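Chains, contacts and geometry: an overview
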Amino acid sequence: MKKIDHIGIAVKDLAHSSDLYRRLLGYGSYKTEIVDTEKVITEFFKINESKLELLQASSDESAIAKFIEKRGEGIHHIAFAVDNIVDEMARLKADGFQLLSEKPKKGADNKLVCFVHPKAMSGVLIELCESIER
Ligand code: ZN
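Let us look at the structure shown here.

1. Observations regarding the coordination of the zinc ion
Looking at the zinc ion, one finds its protein donor set to be His 6 (NE2), Glu 53 (OE), His 77 (NE2) and Glu 127 (OE), positioned 2.1 to 2.2 Å from the metal centre. Around the zinc ion, the four donor atoms are arranged such that angles at the metal cover 83 to 166°; this shape is classified as irregular. Ordering the donors of the zinc ion by residue number gives the pattern H-x46-E-x23-H-x49-E. Separated by 50 residues along the polypeptide, His 77 in strand β5 (residues 74-81) and Glu 127 in strand β8 (residues 125-131) bring together distant segments of the chain. Assessed through its relative accessible area of 2%, His 77 is described here as buried.

2. Focus: the pairing of strand β7 (residues 111-116)
Taken across its six residues, β7 has five buried, putting it largely inside the fold. With three bridges joining them, strand β6 (residues 105-107) and β7 adopt antiparallel strand pairing. Along β7, the bridge assignment pairs Lys 106 with Leu 112. Counting the residues that bridge the hairpin from β6 to β7 gives three residues, and of these Asp 109 lies at a positive phi of roughly 65°.

3. Some details on the pattern of salt bridges
In this structure the tally under the stated criterion is 13 salt bridges. In this structure, Glu 33 and Lys 31 form a salt bridge, with 4.0 Å as the shortest nitrogen-oxygen distance. Through salt bridges with shared partners, a single network forms among Asp 5, Lys 31, Glu 33, Lys 51, Asp 109 and Lys 111.

4. A short note on the environment of Lys 105
In this structure, Lys 105 sits in strand β6. Its relative accessible area of 38% is what places Lys 105 among the partly exposed residues. As a C-alpha pair, Lys 105 and Asp 87 span 18 residues in sequence and 14 Å in three-dimensional space. When sequence neighbours within four positions are dropped, the list of residues in contact with Lys 105 reads Glu 38, Lys 111, Leu 112 and Val 113. A distance of 3.2 Å separates a polar atom in the side chain of Lys 105 from a polar atom in the side chain of Glu 38.

5. Some words on the state of the cysteines
Covalent bonding between the sulfur atoms of two cysteines defines a disulfide. Summed over all chains, the structure comprises zero disulfides. Looking at Cys 114, it has no disulfide partner, and the nearest cysteine sulfur is the one in Cys 129, 11 Å off. Residue class for Cys 129 comes out buried when judged on its relative accessible area of 1%.

6. Section: the sheet that holds β5
Ordered in space as β2-β3-β4-β1-β5-β8-β7-β6, the eight strands form an open sheet in which the pairing is mixed. With one partner strand each, in any of the chains shown, β2 (31-35) and β6 form the two edges of the open sheet. Here the average twist between neighbouring strands, direction ignored, is 35°. Of the strands in this sheet, β1 (3-10), β3 (40-47) and β4 (50-57) touch helix α1 (residues 14-25), which is tilted by about 0° from β3. In this fold helix α3 (residues 85-94) packs onto β7 and β8, with an angle of close to 150° to the strand it touches most, β8.

About the thresholds
- Residues numbered from 1 in each chain as written.
- Predicted model: local features only at pLDDT ≥ 70, side-chain atom pairs only at ≥ 80, totals over all residues.
- Heavy atoms only, no water.
- Donors = N, O, S within 2.8 Å, 3.2 Å for Na, K, Ca; no water.
- Tetrahedral: all angles 85-135°; square planar, octahedral: opposite > 155°, others 65-115°.
- Helix = DSSP H or I, 4+ residues; strand = E, 2+ residues; numbered from the N terminus.
- Buried < 20%, exposed > 50% of the residue type's maximum accessible area, 1.4 Å probe, protein only.
- Pairing = 2+ DSSP bridges.
- Salt bridge = Lys/Arg side-chain N within 4 Å of Asp/Glu carboxyl O.
- Contact = heavy atoms within 4.5 Å.
- Polar contact = N/O pair within 3.5 Å; in protein donor to acceptor, adjacent residues only side chain to side chain.
- Disulfide = S-S within 2.5 Å.
- Axes fitted to C-alpha atoms, helices over the stretch in contact; angles between N-to-C directions.

Laid out in structure tokens, this is it:
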């Protein structure tokens, strides 16, 4: 793992939360993206090397909608940047970690992503992400 790439925050109202974080940081987001596969709308803020990802459900079926229903708004996941997501997935799988997908998926922000089940991670959903930007 190279670094913490971003922290994902589940929000009910993206426009409201985006304004809050814009005021907190003193500047606005650099990207808004609809991720149809995950049924979310995301907005990214850059703080030097680190990022915040605000996530709003775009459907009641979205994992974000279910998360907020169960636990309310708040930190949804911590994402670690990796050089080679396939290698890291194999390493974690061999060490007994439960991954939420067999293969990396296309995520927001030009990334290949995979999640580690929160039940086995002290309640925290972990994301691995490999940048596919060129
Ligand atoms: Zn994320």
